[in-house]
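Here is what each chain is made of, one letter per residue.
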Amino acid sequence: MAAPPQVQGRAPAPALPTGRGIELLLLAFAAVIVTGALVIVEANQEQELTTTLLWLGLAYLGLFAAAHFAVRRWAPYADPLILPSVALLNGLGLVMIHRLDLADAARAAQLGNDAPGSLVLRQVAWTAIGLVLFVVVLWRVSDHRMLSRFGYTAGFAGLILLALPGILPSSISEVNGAKLWIRFGGVGIQPGEFAKILLIIFFSAFLVQKRELFSTAGRRFLGLEFPRARDLAPLVVAWGLSVGVLVFERDLGTSLLFFGILLVLLYAATERVSWMIVGLLFFVGGAVLAYNLFGHVRVRVQIWLDPFSDFQGGGYQLGQALFGLGTGGVGGTGLGAGRPDLVPFAESDFIWSSLGEELGLIGLAAILLVYLVLITRGLRSALAVRDSFGKLLATGLSYVMALQLFVVIGGVTKLIPLTGLTLPFLSYGGSSLVANYALVALLLRVSNAARAPLPQRPSVPQTPIAQAATELVQRPDLSSGESRGAQS
Amino acid sequence: MPELVLQLTRAGFLALLWLFVLFAMRIVRSDLYAASGLRAIMPGGSRAARRSGRGRMARQLLVTQGPLAGSRITLDSRPILIGRADDSTLKLDDDYASTRHARIAPQGEDWYVEDLGSTNGTYLDRAKVTGPTRVPLGVPVRIGKTVIELRS
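Residues numbered from 1 in each chain as written. Chains lettered and ligands numbered in written order. Predicted model: local features only at pLDDT ≥ 70, side-chain atom pairs only at ≥ 80, totals over all residues.

## What to know about the overall build of chain A
1) Next: Helix and strand content of chain A: 17 helices and six strands.
2) Next: A total of 488 residues make up chain A; the buried ones form 47% of that total.
3) Next: Long-range pairs, those at least 24 residues apart, make up 71% of the contacts in chain A with a sequence separation of at least 6. (Helix = DSSP H or I, 4+ residues; strand = E, 2+ residues; numbered from the N terminus. Buried ≥ 20, exposed ≤ 12 C-beta atoms within 10 Å, placed from the backbone. Contact = placed C-beta atoms within 7 Å.)

Have a look at this one:
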């Protein structure tokens, strides 16, 4: 806390407050918002308003308060805005999934079917698991720099996790045409979400180790310096494998994500624009190749260009999402008063259009700003932290969220072709949620290192200077002392 | 639900969401200034900082140790030169001091001490002064056998 300036050799930098109080306050605010959202949904869906809702809100606050105390215990200087932003996004996601559950149940009742399983209960369970992982990561990773020692291990583990669903038989790994799952019983996880974090750790550690090679040794070509091939080899292998595996598993969104991460980390590590140019050329080449090679990519592009030409077929989902956003307009229909359930996968890939229909442009802009706060705080930690590995790690972790946001929202709003990715914390999906909690825990760890005061040197008890005797530093040779003094 | 209540909750919820965003932005802003050291721009902190600063601005320089102990120099906006040279503001008669030993100069509301390449160095409390360093009130600056302090 801001102590009065102590007697020190240098003027102390103004001490940053730890911000834990602000964090708790904002968490309580988020709990109020989420509880309010739940009450509005229940009221608009003609459900009975009971005190249970209040208890649910308190339970939500309790969960995040536990996370808050873990932060207080293990990362006391961490950024105070990251956890509340995450809590708000996750809470809004839960409310929206619950709202879609209600709609599904109502429709099932209308058709005389059995009520479908509740998604929100699963998602709440995943949230709890995610928060447990969050606490464990904060507790076990006491310093982010220790992760750099496991760079190659993390990269290897990440590649295995990525490749696993591609190797496993389709009955276990395939859902809706994308082979990126591992399912046991009713529970499915997407190992790719965890591979994302592991590969960011690997890329950061690798780039820090080889940083000099990337920015010094190189060959000039067309006015740009390119690194030697052998320096690049491990990186290219890792990239090629991840992209290859992803193409094989038919998940182009994640493939794009990995490529983007690698490019940004290279740029952040070397500050060379040539990497961006090379990367964009690679991207254009890859996109053209994918368009020509894969039928499902062509379908996606066709839908993107004109979703209404095949409205009853492939364009139905995107078309309905656009209608939903249009219905929402500027102010939205009000939570629980719209029909977001008309969009297939309204709770996962298309939760953005569900929120847009019921909260409107004003609400979407607010949510986008919450994401923006989360991402800029991550990038700010990257700027402020003192070691290069931490810088790259925080950049990668923040950027992966930003890119995911762009790819998903761009896809839903028909800015870019649709690729199947989830919105961090909002969308329904256990693996994504749990992995993102681990990601945020690492981000908090880095921001803790960035904001913590420098370790103080142990103070040796000293006599007050007024009573201290003058120390004889140098035997005064009067003439030389005089001449040196005169020179100065 | 009645239409009016629906509209009110709808607007109220959006307002609440934006309130959260604005609150977060406010913290982002205050952090921004805290990190760059520009405290004066912070709306809340500026007044407190200025209040505490005005009452405790350095007004005089007091020699607490050495042959000249007890002498005072009233500070204005001009820098104070310390050394054995005749044109020093504080002329020391001290074998351990150099001809032009140190300078204490104001910058804004603070005073900074700067060593002018002296043989035996200038010490702010216990630390050797290497570059211009802010001198807080009441912190001893040691030059040879002489110790000076800034007082309000």
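## Quick word on the sheet that holds strand β8 (residues 127-128) of chain B
Residues and elements named next belong to chain B.
1) Next: Spatially, β2-β1-β11-β10-β7-β8 is the arrangement adopted by the six strands of the open sheet, whose pairing is antiparallel. Since the sheet does not close on itself, it has two edges, and those belong to β2 (72-74) and β8, each with one partner.
2) Next: With three bridges connecting them, strand β7 (residues 122-124) and strand β10 (residues 141-143) associate as antiparallel partners. When the bridges of β10 are listed, Y123 appears paired with R142. (Pairing = 2+ DSSP bridges.)

## Considering unusual backbone geometry
Most peptide bonds take the trans form, and the phi angle of most residues other than glycine is negative.
1) Next: One non-glycine residue, A:F345, adopts positive backbone phi at about 60°.
2) Next: Mapping A:F345 onto the fold places it in the loop between α13 (316-328) and α14 (351-384).
3) Next: Given 16 C-beta atoms within a 10 Å radius, A:F345 is considered partly exposed.
4) Next: A positive phi angle is found at B:D125, which is not glycine, with a value near 55°.
5) Next: In this structure B:D125 comes out as partly exposed when scored by C-beta crowding, with 18 C-beta atoms within 10 Å.

## Describing the pairing of strand β6 (residues 110-115) of chain B
All names here are of chain B.
1) Next: Of the two faces of β6, only one is covered, namely that formed by W111, V113 and D115; the face formed by D110, Y112 and E114 stays uncovered.
2) Next: In terms of strand pairing, strand β5 (residues 102-107) meets β6 through six bridges, oriented antiparallel. By the bridge assignment, Q107 is partnered in β6 with D110.
3) Next: Pairing of β6 with strand β9 (residues 133-134), which is carried by two bridges, proceeds in the antiparallel orientation. Within β9, the position partnered with Y112 by the bridge is R134.

## Focus: the packing of helix α4 (residues 119-140) of chain A against helix α16 (residues 430-451) of chain A
Residues and elements named next belong to chain A.
1) Next: Interaxial distance between α4 and α16 falls to 8 Å at its minimum, and their mutual angle equals 25°. The angle between α4 and α16 falls in the class roughly parallel. The hand of the α4/α16 crossing is right-handed. Here α4 contributes R122, W126, T127, I129, G130, L131, L133, F134, V137 and L138 to the contact with α16, which in turn contributes G430, L433, V434, Y437, A438, V440, A441, L442, L444 and R445.
2) Next: Grouping the constituent residues of the contact of α4 with α16 by class yields 15 nonpolar, three polar and two charged. (Axes fitted to C-alpha atoms, helices over the stretch in contact; angles between N-to-C directions. Parallel < 35°, antiparallel > 145°, perpendicular 65-115°, else oblique. Left-handed = near helix turned anticlockwise from the far one by under 90°. Nonpolar A, V, L, I, M, F, W, Y, C, P; charged D, E, K, R; others polar.)

## Observations concerning helix α5 (residues 151-167) of chain A
1) Next: If you check α5(A), its first and last C-alpha atoms are 24 Å apart, about what 17 residues at 1.5 Å a residue would give, namely 24 Å.
2) Next: Taken residue by residue, α5(A) has A:G151, A:A154, A:G155, A:G158, A:L161, A:L162, A:A163 and A:P165 as its buried positions. (Expected span 1.5 Å × (residues − 1).)

## Quick look at the nonpolar core
Note that soluble globular proteins tend to have their nonpolar side chains buried in a common cluster.
1) Next: Core analysis: the largest hydrophobic core is formed by 135 residues, its most contacted members being A:A37, A:I261, A:L265 and A:A438.
2) Next: For A:A438, the contacting residues outside a window of four places in its chain are A:L133, A:F134, A:V137 and A:I197.
3) Next: With 21 residues, the next largest nonpolar core counts B:V63, B:V135, B:I148 and B:L150 among its residues. (Core = buried A, V, L, I, M, F, W, Y, C linked by C-beta atoms within 7 Å.)

## As for the pairing of strand β3 (residues 80-83) of chain B
All names here are of chain B.
1) Next: Of the pairings in the sheet, the one linking β3 to β5 comprises three bridges and is antiparallel in character. Looking across to β5, one finds that I80 is bridged to I104.
2) Next: Bridging between β3 and strand β4 (residues 90-91) involves two bridges; their strand directions are parallel. Counted as the bridge partner of I82 is L90 from β4.

## A word on the sheet that holds β4(B)
1) Next: Ordered by their spatial adjacency, five strands build an open sheet running β4-β3-β5-β6-β9 (chain B), and the pairing between neighbours is mixed. The sheet is open, and its two edges are formed by β4 and β9 of chain B, each paired on a single side.

## A look at the packing of α5(A) against helix α7 (residues 191-209) of chain A
Residues and elements named next belong to chain A.
1) Next: As a packed pair, α5 and α7 sit with axes 7 Å apart at the nearest point and diverge in direction by 150°. The orientation of α5 relative to α7 falls into the category roughly antiparallel. You can see that α5 and α7 cross each other, and the crossing is left-handed. For the pair α5 and α7, the contacting residues are G151, Y152, A154, G155, A157, G158, L161, L162, L164 and P165 in the first and P191, G192, F194, A195, L198, L199, I201, F202, A205 and F206 in the second.

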